[in-house]
Amino acid sequence: MAGATTPIWCLLLPIVAVSVHATSTATGITAIVLGFAAGAGLFIAGAGTIAWLATAGVAGVGLLTAVAQRRGEGRDDALRRRENELAGVRTELRDLRGQHVAGAEGRIVALTRANQALQSEVERGRRVLEEALDASRTKTSFLLKISHELRTPLNAIVGYTELLLEHPEEAEPEELQADLTRILGAAHELLALIDSVLDLARLEAGKFELHIEEFALHDLVHECVAAVTPLADRGGNKLKLKLSRELGTIRSDRTRLRQVLVQLLGNACKFTRGGLVELRVEPMTLPTGAVYLLSVRDTGVGIDPAYLPRLFTPFSQADDSPTRRFGGLGVGLALCRHYCTLLGGEISAESELGKGTVFRVQVPATARDPRDAGVMVSAF
């Protein structure tokens, strides 16, 4: 019997192995079924009690394996659920962290923008305050200057008039004419100062008008040179005029262009002693059209380069000290710039201390409509 049943026992060994090494509940159940099938086979073969014991042993092992595997699967399911819960918690934490970081970054950005806006407001307030202080200082300087400049010709007018009234019968015709000439000159000087201030006020108020007409530029240039010749003679200066042979007519405001040239030539003569004052006029063709270039060059004291940016600012002078040698309100060059802008042109200056100055005025041969001229007027 033992020899006849040996193959059957060999058959039971893999079943037992399957039962012991079952990796799932289904495998354990399969091992139990196979154990019963093998026991039935052994019983039919005549194994008797041994077959049932083998069957019971195999079934028990399979059952224990199935139960253990079931418990293991339950633990695995619980672990997987915990892992899923932990993954959800981690995801929520990441979301919360992202929201917190985003909120913090948003608050930082908002605070940064608010800080920048505050700094901009502070800077704008500082600039407004500086401009107000500059305007106040400029007005104070203007009042001091205008009081001095107005008193000088007024004192001359009053003084010579009193002399004539004290002894009118003793005045010789030549002396009377000389005194009247001095009075007339002082009156003209006073009138020119008042006109300059009023012109600048009209420019500030936007009430300034141009009178455009066609005239010969050659005649205007000679008229301006004749007007400043006495001033050049008093300073021992030599006037030099260079005119292009191609000069023709110009359509512009004759009075304002004359004021510009007389102002520049007068300044050159005032700040030059025993030197040369040169006026050069030549036509030019630019992409915008035909223009005239008028250059006034002198060999005078020159201008400090640090002052050049403020050269065309109203009531500003290179020498603002109480001991300054040259008079004036400091409105002439500001008016020149505004006149040139109104005429559709521009003005510029180059200078070096001790070597003189050159002013360049560029005006179109045909002035544009004054209503289209954007005039930038400096506040004072």
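A. A look at the overall build of the chain. The helix and strand inventory of the chain stands at seven helices and seven strands. Starting at the N terminus and ending at the C terminus, the chain contains elements arranged as α-α-α-α-β-α-β-β-α-β-β-α-β-β. Considering the chain as a whole, with its 380 residues, one finds that 31% of them fall into the buried category. Taking the contacts inside the chain whose residues are at least 6 apart along the sequence as the reference set, 71% of them involve residues at least 24 apart. Taken as a whole, the chain presents about 23,400 Å² of accessible surface, with 59% of it coming from carbon and sulfur.

B. Structural detail: the sheet that holds strand β4 (residues 276-286). Pairing is mixed across the open sheet formed by five strands, whose spatial order is β2-β4-β5-β7-β6. Two strands in the sheet have a free side with no partner beyond their single neighbour: β2 (238-243) and β6 (346-352). Averaged over all neighbouring strand pairs, the angle between strand axes comes to 15°, with direction disregarded. Pairing between β4 and strand β5 (residues 289-298): 10 bridges, direction antiparallel. Looking across to β5, one finds that Pro-283 is bridged to Tyr-292. Packed onto the sheet, helix α7 (residues 332-342) meets β6 and β7 (356-364) and runs at close to 140° relative to β6.

C. Representation of the pattern of salt bridges in the model. Applying the stated criterion across every chain yields a total of 11 salt bridges. Across the salt bridge formed by Lys-242 and Glu-278, the nearest N and O atoms sit 3.9 Å from each other. With Lys-242 in strand β2 and Glu-278 in strand β4, this pair connects stretches of sequence that are 36 residues apart. Residue class for Lys-242 comes out partly exposed when judged on its relative accessible area of 32%. Judged by relative accessible area, Glu-278 falls into the buried class, the value being 13%.

D. Seen up close, the nonpolar core. Within the largest apolar cluster, 43 residues are counted, with the highest numbers of intra-cluster contacts made by Leu-217, Leu-264, Leu-279, Tyr-292, Ile-347, Phe-359 and Val-361. Sorting the residues of this core by element identifies α4 (173-205), α5 (217-234), α6 (254-270), β4, β5, α7 and β7 as the ones contributing at least two each. Leave out the neighbours within four places in its chain, and Ile-347 touches Leu-264, Phe-312, Cys-336, Arg-337, Cys-340, Phe-359, Arg-360 and Val-361.

E. Spatial organisation of a nonpolar patch on the surface. Among the surface-exposed residues, Val-89, Leu-93 and Leu-96 lie close enough to one another that they form a single nonpolar patch of about 270 Å² accessible area. By relative accessible area, which is 41% here, Val-89 ends up partly exposed.

F. Local environment of α7. Most of α7 sits inside the fold, with nine of its 11 residues counted as buried. All buried positions along α7 are accounted for by Gly-332, Leu-333, Ala-334, Leu-335, Cys-336, His-338, Tyr-339, Cys-340 and Leu-342. After α7 finishes, the residue Gly-344 shows a positive phi value of roughly 85°.

G. Geometry of α5. Here α5 spans 27 Å end to end across 18 residues, near enough to the 26 Å set by a 1.5 Å rise per residue. Within α5, the axis deviates most sharply at Val-228, by approximately 40°, and proline Pro-230 lies no more than four positions further along. Residues of α5 that are buried include every one of Leu-217, Leu-220, Val-221, Cys-224, Val-225, Val-228 and Ala-232, and no others. On its buried face, α5 sits against β1 (212-216), β2, β3 (249-253), α6, β4 and β5. Gly-236 sits one or two positions beyond α5 and adopts a positive phi of about 70°.

Calculation criteria
- Residues numbered from 1 in each chain as written.
- Predicted model: local features only at pLDDT ≥ 70, side-chain atom pairs only at ≥ 80, totals over all residues.
- Heavy atoms only, no water.
- Helix = DSSP H or I, 4+ residues; strand = E, 2+ residues; numbered from the N terminus.
- Buried < 20%, exposed > 50% of the residue type's maximum accessible area, 1.4 Å probe, protein only.
- Contact = heavy atoms within 4.5 Å.
- Areas by Shrake-Rupley, 256 points an atom, 1.4 Å probe, with all protein chains shown as cover.
- Pairing = 2+ DSSP bridges.
- Axes fitted to C-alpha atoms, helices over the stretch in contact; angles between N-to-C directions.
- Salt bridge = Lys/Arg side-chain N within 4 Å of Asp/Glu carboxyl O.
- Core = buried A, V, L, I, M, F, W, Y, C linked by side-chain atoms within 4.5 Å.
- Patch = residues over 30% accessible without salt bridge, like charges linked within 9 Å, V, L, I, M, F, W, Y side chains within 5 Å.
- Expected span 1.5 Å × (residues − 1).
- Bend = angle between axes of the 7 residues up to and from the residue.

These values are about where atoms sit, not about what they do.
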